[in-house]
Structure formats: structure tokens, C-alpha cells
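Residue strings, one per chain:
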Amino acid sequence: MQKQIKSRTLAIKSDHIFPTPTSPSISGYLLIRDDVIVDVVSLKSLSTQDLQSIKENYEILDHSKEYIIPGLIDTNVHLNSTYEEDWSEVEKTTKMAIQGGITT
């Protein structure tokens, strides 16, 4: 018997989602399935039926007052502040930083 894996679906709600680096912010949901962003939807564009579908099919995380910005690089992160030899090459450092997430 094959074990069926249930897909994980999240809807992150925010009043400050920047869909692209150059667009103004929107109030809406960032829809995620199995750790992949599948859609960014504005509250203005959602019908009552669409909103109900999100509530029924997604685990909602309310981050209304927080900002969601694509590809933000936190330049204050000290990647190699303790100087570890494994982190001395740019390519290795980049790969290790990616393990921390997109906004490393």
C-alpha cells in the first residue's frame, strides 16, 4: 500500500504585498502549495466565493501588518562573521546562504 502524502497549502495574508520589485503594494494573499508560491491575489480582485475557497483550502497565516517583498536581500546579515573556512569561496557561501531561505 502506497502512503498518500497530503500537499501543504498556505495562504499568507498581508496588507503590504509587493508582487514585483517595481509594483505598488497590495492587500491580499500569497498562496503557497508545497513550498512553492502559486499565486499572489489582491483582496480587491477576490469574489466572496474565491475568498471562501481560500479559507476552506488553505491554512491562513495572518501577517497583515508585515511586508512581503520579493527577493529582498538583507544586507545586514554577516554571512561569515566567525570566518569559517567552508564559507571562504563566493560560490560555496551563496549556496550555504540559500539554505537559509530566499531572503537570506
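Residues numbered from 1 in each chain as written. Predicted model: local features only at pLDDT ≥ 70, side-chain atom pairs only at ≥ 80, totals over all residues. Heavy atoms only, no water.

Trainee: I'm lost on the overall build of the protein in this one. Help?
Mentor: Within the protein, the secondary structure is distributed over two helices and five strands. Every one of the 104 residues in the protein was classed for burial, and the buried ones make up 21%. Of the contacts formed within the protein by residues at least 6 apart in sequence, a portion of 45% connects residues at least 24 apart. When the accessible area of the protein is evaluated, it comes to approximately 8300 Å², of which 53% is carbon and sulfur surface. (Helix = DSSP H or I, 4+ residues; strand = E, 2+ residues; numbered from the N terminus. Buried < 20%, exposed > 50% of the residue type's maximum accessible area, 1.4 Å probe, protein only. Contact = heavy atoms within 4.5 Å. Areas by Shrake-Rupley, 256 points an atom, 1.4 Å probe, with all protein chains shown as cover.)

Trainee: Sorry if this is basic, but what is going on with the pairing of strand β3 (residues 36-42) here?
Mentor: Two faces make up the sheet, and in a regular strand the side chains alternate between them. In this structure, strand β2 (residues 26-33) lies alongside β3, joined through six bridges in antiparallel fashion. Residue leucine 30 lies in a different strand from β3, and its bridge partner there is valine 40. The antiparallel pairing of β2 with β3 creates a hairpin that spans two residues between the two strands, and aspartate 34 there sits at a positive phi of about 50°. (Pairing = 2+ DSSP bridges.)

Trainee: Which parts of the structure should I look at to understand the nonpolar core?
Mentor: Within the largest apolar cluster, seven residues are counted, these being Ala11, Tyr29, Leu31, Val41, Leu46, Ile54 and Tyr58. The residues touching valine 41, leaving out its near neighbours within four places in the chain, are Ile26, Ser27, Gly28, Tyr29, Leu31, Leu46 and Ile54. (Core = buried A, V, L, I, M, F, W, Y, C linked by side-chain atoms within 4.5 Å.)

Trainee: Got a minute to help me understand the pairing of strand β1 (residues 9-17) in this structure?
Mentor: One ladder, built from seven bridges, connects β1 with β2; its direction is antiparallel. Following the sheet pairing, isoleucine 17 is matched in β2 by isoleucine 26. Of the pairings in the sheet, the one linking β1 to strand β4 (residues 59-62) comprises four bridges and is parallel in character. When the bridges of β4 are listed, isoleucine 12 appears paired with leucine 61.

Trainee: Honestly, the environment of serine 25 in this entry has me stumped. Any pointers?
Mentor: Among the secondary structure elements, serine 25 is positioned in the loop between β1 and β2. For serine 25, a relative accessible area of 34% corresponds to the partly exposed category. Separated by 43 residues in the primary sequence, serine 25 and isoleucine 68 place their C-alpha atoms 8.9 Å from one another.

Trainee: I'm lost on unusual backbone geometry in this one. Help?
Mentor: Excluding glycine, most residues fall at negative phi; most peptide bonds, likewise, are trans. At aspartate 34, a residue that is not glycine, the phi angle is positive and equals roughly 50°. Mapped onto the elements of the fold, aspartate 34 is located in the loop between β2 and β3. Among the residues examined, aspartate 34 registers a relative accessible area of 44% and is labelled partly exposed. Phi at aspartate 35 takes a positive value of approximately 70°, unusual for a residue other than glycine. Note that aspartate 35 resides in the loop between β2 and β3.

Trainee: Even after reading the chapter, I still don't get the packing of aromatic side chains, so can you show me in this structure?
Mentor: The relative placement of two aromatic rings is captured by the distance of their centres and the angle of their planes. One pass over the structure, following the stated rule, counts one aromatic pair. Seen in terms of ring centroids, phenylalanine 18 and tyrosine 67 are 6.4 Å apart; in terms of plane orientation they differ by 20°. Their pairing is stacked. Of this pair, phenylalanine 18 sits in the loop between β1 and β2 while tyrosine 67 sits in strand β5 (residues 67-68), and the two are 49 residues apart along the sequence. Overall, the relative accessible area of 53% leaves tyrosine 67 in the exposed class. (Phe/Tyr/Trp six-rings, centres within 6.5 Å; stacked < 30°, edge-to-face > 60°.)

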